[in-house]
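# Chains, contacts and geometry: an overview
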Amino acid sequence: MKVKSPLEIYNFLPRTNCKECGYETCMSFASHILDRSAKVTDCKPLVRDAEKDSKAKEKLEKLLELTAPEIAEVVIGVGSSAIKIGGEEVLHRHELTFFNPTAFFYDVWDSLDDKKIDERCDRVVSYKKFYVGKYLTLDGFAVRCTSNDPKRYAEVVKKVAGYGKPMVLIALNPECMKAALDVCAEQRPLIYAATEGNWKEFLKLALDYKVPVVLRAKDLNLLKSLAVTFKSAGVKDIVLDPVTEPLGEGLQGTFERVIQLRRKAILDGDKDVAYPIMVTPIAAWLIEGDEVTKSYWEAVIAGIFIVKYADAMIFHSLDQHVVMPTLTLRFNIYTDPRTPVQVAPGLREINNPTPDDPVMITTNFALTYYTVENDLGSAKIRAWLLVLNTEGICVEASVAGGKFTASKVKELINETKIAEKVKHRYLIIPGLAARLQGSIEDETGWKVLVGPIDSGRIKGWMEKNWPPKK
Ligand code: SF4
């Protein structure tokens, strides 16, 4: 985004504070455009004026240009399952945040029999993993044409389209791609890939069917020239694939190409390469070796490029040792560093506690909270768990930063009325908050026991320390 302050946006707005956008004032709306929680076109008076008057139209177009993300945003799919890729503003997450998580597509191919295709699709659709208060899921399918038969490919694409997830269509033969688009273009698949050899046919397909397209070339000058050609022909939704090579110097070269593309786009402002980047960890299956080796490298390649700077990826393996770490890494890279992931403070009852069961306290940093809850739950410990509002900061940092204090603990005890639910006055605090033991005792009048540093050791700690010796 070229603008850096709400005032620069405000000057383009009607400045009537009419509230049609849902915000109290034009200035407030401008701030929300800046942090990307509102869209310019949400200002209906601005859009209406642009429809009637050419000067207003120019003004709107200028504002759209100034507020467009540094990396173009591309939508794959339609409706509620559509995903956005790209749209990034910065090279490093801590400079602002990353906006659109790397999209994960899992391959199916048309030489598989229909039963196996369904099995694979079912696995993708049904996969979900609970992590830090959210379900992590897989995004869509990459449907590969291995038969080179347009009819069979179209049949399989139609079948996979029935699962309602976004798709990447992978066919170098334009005839096969055309047959597939005939049955699913309205679902807005991403077509893969226009190369030096077939770009004319793919350009026509992208224009005729109005679908996003991947351009693929290892030579970055060629890739840029393809992008310029497609853009000047009227294709707006472009994704760049600088070719993923899986091992050694090849992998190093891939890394350098990806970095160069993103640096050129964001640091040099080169709009000709400011598009989402496709990386294909599935390339690991070209390595010599057994399936474990290949899938291991698939996870490694994915890990490297989730961090830098893949916007979409194509996978083969659906094994847990590939899916879980990649999903978890993606989740962590794409959380917003400006707002820590947190849960509501208050009192939680773990495993139906009785009045004799222990009272423990932790912070509302989501990762800490869910780890503690999970450790207590799986160890079958009954407990009253107080969740302190530390503004989503973990135990050690919140103690150091004055967010976890004796007076806040006292307030929480009072608010939750925990004293009315238990017969004792013992509070177990995390080992990392040990230094607060005395001050919490003084402030609350409760006896404070210092628990383990790691909630994974709570079971052993309870065996030795609960119930407390009088
Ligand atoms: Fe201002 Fe437009 Fe919002 Fe009205 S709709 S308050 S003019 S930004």
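Quick note: structure is the one above.
What you are looking at is a predicted structure, and each value in this text was computed from that prediction instead of being measured. (Residues numbered from 1 in each chain as written. Predicted model: local features only at pLDDT ≥ 70, side-chain atom pairs only at ≥ 80, totals over all residues. Heavy atoms only, no water.)

Next up on the list: the overall build of the chain. Across its full length, the chain holds 17 helices and 17 strands. Across the chain, the fraction of contacts at a sequence separation of at least 24, relative to all contacts at a separation of at least 6, is 64%. Within the structure as shown, the chain displays about 22200 Å² of accessible surface, and the carbon and sulfur contribution to it stands at 52%. Within the chain, one finds 64 positive and 63 negative side-chain charges whose respective centroids are separated by 4 Å. (Helix = DSSP H or I, 4+ residues; strand = E, 2+ residues; numbered from the N terminus. Contact = heavy atoms within 4.5 Å. Areas by Shrake-Rupley, 256 points an atom, 1.4 Å probe, with all protein chains shown as cover. Lys, Arg positive; Asp, Glu negative; His and termini not counted. Charge placed at Lys NZ, Arg CZ, Asp CG, Glu CD.)

Most peptide bonds take the trans configuration, and most residues that are not glycine carry a negative phi. Omega for the peptide link from Lys 308 to Tyr 309 comes to -25 degrees, which places this bond in the cis form. Tracing the sequence through the fold places Tyr 309 in the loop between α11 (291–307) and β12 (312–315). Cis rather than trans, the peptide bond between Trp 466 and Pro 467 has omega equal to 0 degrees. Mapped onto the secondary structure, Pro 467 falls in the segment after α17 (458–465). Positioned with a positive phi, Lys 19 is a non-glycine residue whose angle comes to about 75 degrees.

Read from one edge to the other, the open sheet built from eight strands follows the order β10-β9-β8-β7-β6-β3-β12-β11, with strand pairing classed as parallel. Strands with a single pairing partner mark the edges of an open sheet, and in this sheet they are β10 (238–241) and β11 (278–279). Each of β3 (103–109) and β12 touches helix α12 (residues 320–333); the most contacted strand, β3, lies at about 155 degrees to it. (Pairing = 2+ DSSP bridges. Axes fitted to C-alpha atoms, helices over the stretch in contact; angles between N-to-C directions.)

The next subject is the packing of aromatic side chains. What the rule picks out here adds up to 12 aromatic pairs. Both rings, one in Tyr 106 and one in Phe 315, keep their centres 5.2 Å apart while their planes meet at 15 degrees; by these two values the pair is stacked. Taken as a pair, Tyr 106 in strand β3 and Phe 315 in strand β12 lie far apart in primary sequence, 209 residues in all. Of the two residues examined, Tyr 106 and Phe 315, each falls in the buried class. Pairwise contacts between aromatic rings join Phe 130, Tyr 135, Tyr 369 and Tyr 370 into one cluster. Between the NZ or CZ atom of Lys 128 and the centre of the ring of Tyr 135, over which it lies, the distance is 4.4 Å. (Phe/Tyr/Trp six-rings, centres within 6.5 Å; stacked < 30°, edge-to-face > 60°. Buried < 20%, exposed > 50% of the residue type's maximum accessible area, 1.4 Å probe, protein only. Lys NZ or Arg CZ within 6 Å of the ring centre and 35° of its normal.)

So, on to the sheet that holds strand β14 (residues 359–363). Taking strand neighbours across the sheet as the criterion, the five strands line up as β13-β15-β14-β16-β17 in an open arrangement whose pairing is mixed. The open sheet terminates on both sides in strands that have one partner only, identified here as β13 (346–350) and β17 (447–450). Each adjacent strand pair in this sheet contributes to an overall mean axis angle of 30 degrees, direction not counted. Across five bridges, the pairing between β14 and strand β15 (residues 383–388) is parallel. Looking across to β15, one finds that Ile 361 is bridged to Leu 386.

Let us now look at the pattern of salt bridges. Working definition: two side chains of opposite charge can pair if their charged atoms are close together. A full pass over the atoms with the stated rule returns 28 salt bridges. Lys 115 is the salt-bridge partner of Glu 119, the closest N and O atoms lying 3.6 Å from each other. Of the two residues, Glu 119 and Lys 115 both sit in helix α5 (residues 114–126), four residues apart, roughly one turn of that helix. Accessibility expressed as a relative area gives 41% for Glu 119, which makes it partly exposed. Among the residues examined, Lys 115 registers a relative accessible area of 62% and is labelled exposed. Here Asp 241 ties to Arg 216 by a salt bridge, and the two come within 3.1 Å at their closest N and O atoms. Residue Asp 241 is found in strand β10, and its partner Arg 216 is found in strand β9 (residues 213–216); the two are separated by 25 residues along the sequence. The exposure class of Arg 216 is partly exposed, given its relative accessible area of 28%. Each member of the salt-bridge network shares a partner with another, and the members are Arg 36, Glu 73 and Glu 89. (Salt bridge = Lys/Arg side-chain N within 4 Å of Asp/Glu carboxyl O.)

Another point: the site of the ligand. Around the ligand sit Pro 14, Thr 16, Asn 17, Cys 18, Lys 19, Glu 20, Cys 21, Cys 26, Phe 29, Cys 43 and Pro 45, and that is every residue in its neighbourhood. Residues that form the shell around the ligand fall into these classes: seven nonpolar, two polar and two charged. (Near = heavy atom within 4 Å. Nonpolar A, V, L, I, M, F, W, Y, C, P; charged D, E, K, R; others polar.)

Purely spatial values, then, with no claim about function.
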